[in-house]
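Structure assessment
This is what each chain is made of:
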Number of protein chains: 2
Amino acid sequence: MAKKNRDERSPSLQKRLRLPVGEPVDLSRHSSGATPGGPGAKTAGKAATVRVGEALASLQERLWAASTAGDRRRVLLVLQGMDTSGKGGTVKHVIGLLNPSGCRITAFKAPTAEERAHSFLWRVEKALPLPGEHYEDVLIARVRELAPRVVIDSRYERINAFERSLADDGVTLIKCFLHISYDEQRRRLLRRLDKPEKRWKFAASDIDDRALWPAYRKAYEMALERCGTPYAPWYLVPADHKWYRNWAVSTLLLEHLRELDPRYPEVDFDVAECRERLLRQP
Amino acid sequence: MAKKNRDERSPSLQKRLRLPVGEPVDLSRHSSGATPGGPGAKTAGKAATVRVGEALASLQERLWAASTAGDRRRVLLVLQGMDTSGKGGTVKHVIGLLNPSGCRITAFKAPTAEERAHSFLWRVEKALPLPGEHYEDVLIARVRELAPRVVIDSRYERINAFERSLADDGVTLIKCFLHISYDEQRRRLLRRLDKPEKRWKFAASDIDDRALWPAYRKAYEMALERCGTPYAPWYLVPADHKWYRNWAVSTLLLEHLRELDPRYPEVDFDVAECRERLLRQP
């Protein structure tokens, strides 16, 4: 119980990291190296994340158990952020804390020919109810001018309507923007180059993309501003420190699952009688 | 390297657990409590599984890296076994050792109306390339006489043709039969009844199913016999000991991944030049 109280520190991490709905977002005013509400340092952070993971696994099992009795509530974790911000690492370290049977993961890359032939949300609907992302079409599409500006502008409202319909259908959306700095991205790209077993993750185009950093930042700011809603707000997760990022995303998951408070279903059989029958069998 | 040699003990676990292709299977002649080739006891077994997990995670990353360069090879783990034999537990403990981004999991329950309207393999094809199972239709369907015998008899060959096409397409099939005893199943069902947080997994029909144990065993023996092929043999995993089951399935995965020997793709850029360019950026 002491542990529970510590995890439930007040103010909750949700309140600390949630971007105010309807207000302009200026990413340069948010530190990417901060660790708000978190354990002070790396070792303590990793240990805290393991503890959060145990609580998460138990709540996940309850949510799953409840779903077998008709509970339609689900959780959708959306991770968004610049290249190297740690979307893959978060899946590995945070979703890795959960029972894989209860998780589906989709990473959206550049759309395929089939995907391009459909509405931009088609591939997302097809993948749901899966953790994933549906923002590429207002981010890279905006920066690279892959569609007319008026088309892109219409997409924010469509994303909001889509997320609204998910929320109405019992989906808890947890949208995390993993915030890293320009310098931290350079360090991570250099590390990919320096480690032979990481080189496959590198592409020369990553360097070209960095030249567009200000345009990307603007596109992210716009997505955070226009698609932050009361039913699906954004959380800004400072992500220069990987241990903090993992702790924060897992703690956000934990807080939301605790609010859902899933319950084991009532059993519809007589326990004592079933026990008897089992013992009577040859 | 010393560790590697120990994991690669000879004879390999594949050879020890593989059921001979084309021979009749008599499950009563296989001990479900044995631990062939395994660490001697629970504590050592759990520690060994953690070590296997580290090797697995690294090979999985290589397989994934190779796939980004066009390597189409994939691994399909099929888990089959009586109720409580530990299919879910194996996913949790063995697949939980891997990066969740590289895994897809499907558990096939009683077919839905939509699924029944299609060929019995339709839902499996739809879910692929996913670990899963496609044997319910020759197991429970046989025992419960859900289809005429002649229809069920035709399914073994169709399963073999299906698995053959997967193998030809670069899929390594690892089919594990989790073998538990009648008494061990009783113990596990009683445990589900006794622990309130496990009760939701229990159904009174589980007791009725036990009365059909001999018929189920016969149906399993037939599936193991008729669907064991050179390109997709069955492994019989004694599963009364959960620690052995987890060790064995993870070790079978490891052996197969080592045989695949996936390689990081060659990089198509000049590392030194990219380094320079990154450092020159403002």
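Scroll up a little and you will see the structure.
Residues numbered from 1 in each chain as written. Chains lettered and ligands numbered in written order. Predicted model: local features only at pLDDT ≥ 70, side-chain atom pairs only at ≥ 80, totals over all residues. Heavy atoms only, no water.

Moving on to the interface of chain B and chain A. In this assembly, 40 residues from chain B lie in contact with 40 residues from chain A. For the pairing of chain B and chain A, the buried interface totals around 4000 Å² over both sides, and the portion due to carbon and sulfur atoms is 64%. Contact with chain A buries area across many residues of chain B, yet Trp-200, Ile-207 and Leu-278 of chain B alone supply 18% of it, more than any other trio. At the surface where chain B touches chain A, the tally comes to four salt bridges. Of the charged contacts, one joins Arg-275 of chain A and Asp-194 of chain B as a salt bridge, the two residues approaching to 2.9 Å between their closest N and O atoms. For the pair chain B and chain A, the number of links is 16 residue pairs in polar contact (both at pLDDT 80 or more). Elements that contribute at least two residues to the side of chain B that touches chain A include exactly helix H3 (42-68), helix H4 (87-94), helix H9 (182-194), helix H10 (205-211) and helix H13 (271-280) of chain B. (Contact = heavy atoms within 4.5 Å. Buried area = accessible area lost by both parts, 1.4 Å probe. Salt bridge = Lys/Arg side-chain N within 4 Å of Asp/Glu carboxyl O. Polar contact = N/O pair within 3.5 Å; in protein donor to acceptor, adjacent residues only side chain to side chain. Helix = DSSP H or I, 4+ residues; strand = E, 2+ residues; numbered from the N terminus.)

Residues and elements named next belong to chain A. Within the fold, Thr-49 resides in helix H3 (residues 42-68). Take Thr-49: its relative accessible area is 8%, and that puts it in the buried class. If we ignore the near neighbours within four places in the chain, the residues touching Thr-49 are Leu-97, Trp-243, Asn-246, Trp-247 and Ser-250. (Buried < 20%, exposed > 50% of the residue type's maximum accessible area, 1.4 Å probe, protein only.)

All names here are of chain B. Across the interface, helix H8 (residues 149-168) lies against helix H11 (residues 213-226) with an axial gap of 10 Å and an inter-helix angle of 40 degrees. Judged by the angle between their axes, H8 and H11 are oblique. Crossing handedness for the pair H8 and H11: right-handed. Seen from H8, the contacting residues are Asp-153, Tyr-156 and Asn-160; seen from H11, they are Met-222, Ala-223 and Arg-226. Residues of the contact of H8 with H11, tallied by class, amount to three nonpolar, one polar and two charged. (Axes fitted to C-alpha atoms, helices over the stretch in contact; angles between N-to-C directions. Parallel < 35°, antiparallel > 145°, perpendicular 65-115°, else oblique. Left-handed = near helix turned anticlockwise from the far one by under 90°. Nonpolar A, V, L, I, M, F, W, Y, C, P; charged D, E, K, R; others polar.)

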